[in-house]
Every structure is written in C-alpha cells, then in structure tokens.
Amino acid sequence: MKKLTIITLLAVFSVTLFAQYDEPTAPDYKLIERNIKNSSSNLNYSNLMERYELGDSTMTIDEMRHLYFGYVFQPTYNPVDTSQYNAKMATVLNRQHFSEENYQAVLQFADSLLTEDPFNMRALSAKLLVYAQKNNVDAYKKTARKRNIVQRAIISSGDGMEKSTAYYVIKVSHEYDLLGFLGFQFGGQDKIERNCNCNSLTLAPNRFGVDKMYFNISPTFDYARRKGGGKI
C-alpha cells in the first residue's frame, strides 16, 4: 500500500509538470539525435544549451528532454566520474563555519564540475547554498532554474519503481543526486541489473516503504562499449 502511495504521488507530480505527455515517457534517443542536429529547429542543441546556461524559464519539457538526453551525442559527453573537484568541494562543504574564502572555493569547484558535466546537480545545489548565504537573488534564481530543468527532464522519463519504468539518466552520479530531490537516502547497495540497461540503488528506510529504485543508464553502457569496456 505504501509503495502504491509513492507511485501515485510521483504520477500526480509528473502529470502536473508534463502536460505534453500522457505519462512519464522514456526518451527516444534516435529521434532526439536527429532533432538536435537540425540547425533550423528550436531543438538544435547549441540553441538549447545557450538557453540552459541563461536559466531560461520558458523552456518546454520537450526542449528540456532534448537538452539533457541529447548531451550524450556531444563530443564532451563522458559518463565516468573521475573529477578531482567532487572531493574538494565536499571537503569545504563539510566545514561547520564558512569564510568568504570558503564560499569562493565552493563556487570555483562547482564551476569546474559544471564545465565537465553541465548537469551536475550536486554542483548546482552547492552554488545555490552560496548564493542564498550571500543573498545573491539573481544568481540564485538562474541556478535554481537550471537545476529544475535537469530534474524535470529526468522525472519525465519514468517513476523508478520497476526496471520497465526506470528513470533515465546519462550518468550514474545523477542517480544519487536525484534521490535527495525525491526525499530518499541511499541504502548502501548499488547494483547493475541483469538483462537490461539498468542500475538499481537500495534506499534507506522511508515512510513510503520503497526498498529500491531503478535507473536506465543505456548511454553509459554504450559509451563503455565504444571505449572497449571499463569502469562506468
């Protein structure tokens, strides 16, 4: 019953946000690739990325999906997390008290992470923390809109309750960042599922009684195959 409750809540959330879709819909990567390469289309990738960097609040969910999922076709796409800046940023954020120098360090590390991965929700959230403390309203709103674009694109793709309705993400790290947005905590087990392009994360005990969440990471597997295998 509790599991049905969370599915119902996510369904209502999705319908509210994504009126263009009858229900959460898996991305059609072939169609997305074709659309983002059309220079005369509003879905052309360079135009979408420019609007994202500006924190454009007028982007439709279809444009958000083409932006996020279309990134896998860009030459800078790399789903492997090897950045040195994650640990550096985390070290600063774990401090009990922040100096001006600490705030600037967080922004610097976050920007470095976003250069490597423009949809790094952890980095966007870190910037929001700094902007809130510094009362930088304009920068806060712009960054909040960017994070919202990423979250909405992912949420539009599934509900995460089953392999067949997994959330689609383009990097494994985005799975962990989405858990916090949904109000869950990681339960300790990260598993590649058999016979599908899915990864699953166990969840810490929660009021909905959900034990596990599924994520489709097909672009990550495709990338690994192109590179001859290796860590994902």
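Above this text is the structure in question.
Residues numbered from 1 in each chain as written. Predicted model: local features only at pLDDT ≥ 70, side-chain atom pairs only at ≥ 80, totals over all residues. Heavy atoms only, no water.

Enumeration according to the criterion identifies 0 disulfides in this entry. No disulfide involves Cys196; its sulfur sits 3.5 Å from the nearest other cysteine sulfur, which is in Cys198. Among the residues examined, Cys196 registers a relative accessible area of 24% and is labelled partly exposed. Judged by relative accessible area, which is 2%, Cys198 ranks as buried. (Disulfide = S-S within 2.5 Å. Buried < 20%, exposed > 50% of the residue type's maximum accessible area, 1.4 Å probe, protein only.)

The next point concerns the pairing of strand 3 (residues 198–203). Of all 6 residues making up strand 3, 6 are buried, and the element is well covered by its neighbours. Burial along strand 3 is two-sided: the residues Cys198, Ser200 and Thr202 and Asn199, Leu201 and Leu203 are all buried. With 4 bridges connecting them, strand 2 (residues 186–192) and strand 3 associate as antiparallel partners. In the strand pairing of strand 3, Phe186 is matched with Leu203. Remark: 5 residues form the turn of the hairpin made by strand 2 and strand 3, two consecutive strands paired antiparallel; Asn195 in that turn has positive phi of roughly 60°. Bridge count between strand 3 and strand 4 (residues 212–216): 5 bridges; the pairing is antiparallel. Residue Ser200 lies in a different strand from strand 4, and its bridge partner there is Tyr214. (Helix = DSSP H or I, 4+ residues; strand = E, 2+ residues; numbered from the N terminus. Pairing = 2+ DSSP bridges.)

Evaluated as defined, the whole model comprises 12 salt bridges. For Arg122, the salt bridge is made with Asp177, and the minimal N-O distance between the two is 2.8 Å. Here Asp177 lies in helix 9 (residues 172–182) and Arg122 lies in helix 7 (residues 121–133), a separation of 55 residues in the sequence. Each of Arg51, Asp56 and Glu63 takes part in one network of salt bridges that share partners. (Salt bridge = Lys/Arg side-chain N within 4 Å of Asp/Glu carboxyl O.)

The subject of this paragraph is the environment of Lys212. For Lys212, the position within the fold is in strand 4. Overall, Lys212 belongs to the partly exposed group, its relative accessible area being 27%. A C-alpha to C-alpha distance of 9.8 Å links Lys212 and Asp190, two positions 22 residues apart in sequence. Excluding residues within four positions of it along the chain, Lys212 makes contact with Gly160, Glu193, Ser200, Leu201, Thr202 and Leu203. (Contact = heavy atoms within 4.5 Å.)

The next thing to look at is the packing of helix 2 (residues 29–36) against helix 4 (residues 61–70). Close contact between helix 2 and helix 4 brings their axes to 10 Å; oriented N to C, the two are set at 100°. One finds that helix 2 runs roughly perpendicular with respect to helix 4. Where helix 2 abuts helix 4, its residues Tyr29, Ile32, Asn35 and Ile36 lie against Arg65, His66, Phe69 and Gly70. Here the residues of the contact of helix 2 with helix 4 are counted per class, giving 4 nonpolar, 3 polar and 1 charged. (Axes fitted to C-alpha atoms, helices over the stretch in contact; angles between N-to-C directions. Parallel < 35°, antiparallel > 145°, perpendicular 65-115°, else oblique. Nonpolar A, V, L, I, M, F, W, Y, C, P; charged D, E, K, R; others polar.)

Contact geometry of helix 4 with helix 8 (residues 137–155) gives a least axis separation of 9 Å together with a crossing angle of 95°. Here helix 8 runs roughly perpendicular to helix 4, going by the angle between their axes. Across the interface between the two elements, Ile61, Met64, Arg65, Leu67, Tyr68 and Phe69 from helix 4 touch Ile149, Val150, Arg152, Ala153 and Ile154 from helix 8. Looking at the contact of helix 4 with helix 8 residue by residue, the class counts come to 9 nonpolar, no polar and 2 charged.

So, about the pairing of strand 4. When you tally the buried positions in strand 4, you get 4 out of 5 residues, the bulk of the element. Bridge analysis of strand 1 (residues 167–168) against strand 4 gives 2 bridges, and the strand direction is parallel. Bridge assignment links Tyr167 to a residue of strand 4, and that residue is Phe215.

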